[in-house]
Structures are given as C-alpha cells and as structure tokens.
Amino acid sequence: MMQYGLLVMGAPYSSPAPHSALRFAHAVLARGHQLAGVFFYHDGVHNASSLMAPPQDELNMHDAWAELHQQHAVPLDVCIAAALRRGLMNESEAQRHGKQAYNLSPPFELTGLGQLLELQQRADRLITFA
Amino acid sequence: MILHILTKAPDSSAAAQMQQAVGAQDSVLLIEEAVTAALAPAWEAWEQCPSRIFLLLEDLKSRGLASIAAEHQLPTLEMDGFVALTEQYTKTVTWY
C-alpha cells in the first residue's frame, strides 16, 4: 500500500486533465492505495468552483471531487494565489476583497504552495495531471 | 528509472521535449491526445523506446482508435494498469 498525491493543473471542460486525474484517483483507491491529497494549481483551481452548472448529462467536476472527499476523506487543497487571480474564493476572502459572492467552500480548502511541498514529502508518488 | 506521461500529440513540442529526456531504462505512457500516436507509425519514439511505450485504452476508445491500436498490436493499459506502472517507477514526469 502506498500514499499517492495528485497535482491537477487543468480546468474542467477545457482540459482533459481533471477527468484523467479523477479516474486515476478512483483506480488508485481500487488498488488498495491511499490518496494523501489532491492539490489544485494554475487553471486546476477552477475544479473547485461550486458555481459550475454543466448540463445534467455531463459530469459536474466540483461534485465529483467533493464525493471523492466524502467517501475517502481525501484532502482537496487549492492554491490561494492561483485561485484569487482567477476569481475563486471562499467566504472570508470574498469579504476581505469586498466581493459580492464566493464560490469556494469545504471540502475544498484554500492553502499555500507549502501544502503542495508537504504533500510531495508525505506521498510515495506524486502524479501530475496538466 | 522514470515513467514519462505524455498528454500531447506526437507532433507537439511536449512530445519532442520528452523524446530528448527519455532514458534507456524509462517507460512512456501515452494518455489524452498522446494516444493519437496510434495513427503515427513513423513516430521516432516507437523505435527509440521499443516495447516500453504504453497507451491508455480508455483514451483510445474515446477517440475511436482502440481497433487501430489493436491492429498494430500496440500495448494498451486500463486505468488500473496505469496505477500499476506508477507503482513500479518511483519518479514520474508529466509532459504537457
């Protein structure tokens, strides 16, 4: 049994990377490994938007990640610098920046790059999807 | 020993960079757009890394290329096999 970490750098609906990462995540768990965490960076932060509303016959990527967290307690960390630039923020950041709305909430957490380094050290394997 | 994961087509700059970096003990996994390599029998990487290039079957299927890959007897892997490859290689590099 090994610890896996995933780094996701592509946005849903414009890059195939999130789909690949999600399917890989389920395969990792199915083989009896543990997922130490998923880190969303660059355009990957768009995966965390709770306001995405794709047609009902398409996968809602936000919900799919949230389900992964609910079923397997996988931490979902989002790079705060990449997120704020792209208009992804939680309630407290929205207040701090004087914005009317927020689109990021648990199980997604805004964190710094240090969290990625920590994941890299904790995991036996870090696989990038970009 | 490194597992190289290529996500872009064989004629991409990502593929060219990967080809320069691949070592004699390394393996290559083609995912996403990279599986269109099934349509490119002249791609130098086939000769560069004989029997060490794998294609992700579900990405071949979603592009309608699974039968072409089978005709050319290209080695394919399910997602489970992708994870198995990462178990064998301590280092992976994704080219995109």
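Here the structure is shown first, and the text comes after it.
As the structure is a computational prediction, the values presented were derived from the model and not from experiment. (Residues numbered from 1 in each chain as written. Chains lettered and ligands numbered in written order. Predicted model: local features only at pLDDT ≥ 70, side-chain atom pairs only at ≥ 80, totals over all residues. Heavy atoms only, no water.)

**Points about empty space enclosed by the protein**
Residue and element names in this part refer to chain A.
Then comes step 1: Considering all chains together, one arrives at one cavity of 30 Å³ or more under this definition.
Then comes step 2: Approximately 40 Å³ is the volume attributed to the largest cavity.
Then comes step 3: Taken together, Ala36, Gly37, Val38, Phe39, Pro75, Asp77, Gln115, Leu119 and Arg122 make up the lining of the largest cavity.
Then comes step 4: For the lining of the largest cavity, the element with the most residues is strand β2 (residues 34-40), which contributes four residues.
Then comes step 5: Of the residues assigned to the lining of the largest cavity, the class counts are five nonpolar, two polar and two charged. (1 Å grid on protein atoms, 1.4 Å probe; cavity = no way out; pocket = protein on both sides within 12 Å on 5 of 7 lines; lining within 4 Å. Points joined across faces, edges and corners; volume = space filled by probe spheres on them. Helix = DSSP H or I, 4+ residues; strand = E, 2+ residues; numbered from the N terminus. Nonpolar A, V, L, I, M, F, W, Y, C, P; charged D, E, K, R; others polar.)

**Points about the packing of helix α1 (residues 17-30) of chain A against helix α2 (residues 61-72) of chain A**
Residue and element names in this part refer to chain A.
Then comes step 1: Between α1 and α2, the shortest axis-to-axis distance is 11 Å and the interhelical angle comes to 15°. Here α1 lies roughly parallel to α2, going by the angle between them. Crossing of α1 against α2: the hand is left-handed. On the side of α1, the interface is formed by Pro18, His19, Ala21, Leu22, Ala25, His26 and Leu29, while α2 contributes Met61, Ala64, Trp65, Leu68 and His72.
Then comes step 2: Taken together, the residues of the contact of α1 with α2 break down into nine nonpolar, three polar and no charged. (Axes fitted to C-alpha atoms, helices over the stretch in contact; angles between N-to-C directions. Parallel < 35°, antiparallel > 145°, perpendicular 65-115°, else oblique. Left-handed = near helix turned anticlockwise from the far one by under 90°. Contact = heavy atoms within 4.5 Å.)

**With respect to the sheet that holds strand β5 (residues 125-129) of chain A**
Then comes step 1: Across the sheet, five strands lie side by side as β4-β3-β2-β1-β5 (chain A); this open sheet has parallel pairing. Of all strands in the sheet, those with a lone pairing partner are β4 (108-111) and β5 of chain A, marking the two edges. Ignoring which end each strand starts from, the neighbouring axes of this sheet average 25° apart.
Then comes step 2: The strands touched by helix α5 (residues 79-88) of chain B are β1 (3-8) and β5 of chain A; relative to β5(A), the strand with the most contacts, the crossing angle is about 130°. (Pairing = 2+ DSSP bridges.)

**Overview of the sheet that holds strand β4 (residues 76-77) of chain B**
Within a sheet, each strand pairs with its neighbour through backbone hydrogen bonds, oriented either parallel or antiparallel.
All names here are of chain B.
Then comes step 1: Taken together, the five strands give an open sheet; going across it, the order is β4-β3-β2-β1-β5, and neighbouring strands pair in parallel fashion. Unpaired on one side and paired on the other, β4 and β5 (91-95) mark the two borders of the sheet.
Then comes step 2: Two elements, strand β2 (residues 27-30) and strand β3 (residues 53-56), share three bridges in a ladder whose sense is parallel. Residue leucine 30 lies in a different strand from β3, and its bridge partner there is leucine 55.
Then comes step 3: Contacting β1 (2-6), β2 and β5, helix α1 (residues 13-21) runs over the sheet at an angle of about 165° to β1.

**Quick look at unusual backbone geometry**
Then comes step 1: Along the chain, A:Pro106 connects to A:Pro107 via a cis peptide bond; the corresponding omega equals 10°.
Then comes step 2: Looking at the secondary structure, you find A:Pro107 in the loop between α4 (91-96) and β4.
Then comes step 3: Residue A:His42 is not a glycine yet carries a positive backbone phi of 50°.
Then comes step 4: Among the residues examined, A:His42 registers a relative accessible area of 38% and is labelled partly exposed.
Then comes step 5: Not every positive phi belongs to a glycine, and B:Ser51 is a case in point at roughly 60°. (Buried < 20%, exposed > 50% of the residue type's maximum accessible area, 1.4 Å probe, protein only.)

**Considerations on α1(A)**
Then comes step 1: Taking 1.5 Å per residue, 14 residues should reach 20 Å; α1(A) reaches 20 Å between its end C-alpha atoms and fits that length.
Then comes step 2: With ten of its 14 residues buried, α1(A) lies for the most part within the structure.
Then comes step 3: All of the buried residues along α1(A) are A:Ala17, A:Pro18, A:Ser20, A:Ala21, A:Leu22, A:Phe24, A:Ala25, A:Ala27, A:Val28 and A:Leu29.
Then comes step 4: Where the residues of α1(A) are buried, they touch β1, β2, α2 and β5 of chain A together with α5 of chain B.
Then comes step 5: Just downstream of α1(A), A:Gly32 is the residue with a positive phi angle, here 90°. (Expected span 1.5 Å × (residues − 1).)

**Some points on the interface of chain A and chain B**
Then comes step 1: At the junction of the two partners, chain A supplies 19 residues and chain B supplies 19 residues.
Then comes step 2: A buried area of about 1500 Å², summed over both sides, lies between chain A and chain B, and 55% of it is on carbon and sulfur atoms.
Then comes step 3: At the boundary of chain A with chain B, the tally comes to four salt bridges.
Then comes step 4: For the salt bridge of B:Glu58 with A:Arg23, the shortest nitrogen-to-oxygen distance reads 2.1 Å.
Then comes step 5: Among the secondary structure elements, those contributing two or more residues to the side of chain A that touches chain B are α1 and β5 of chain A.
Then comes step 6: In terms of residues, the side of chain A that touches chain B owes the most to one element, α1(A), which gives six residues.
Then comes step 7: Looking at the side of chain A that touches chain B residue by residue, the class counts come to twelve nonpolar, three polar and four charged. (Buried area = accessible area lost by both parts, 1.4 Å probe. Salt bridge = Lys/Arg side-chain N within 4 Å of Asp/Glu carboxyl O.)

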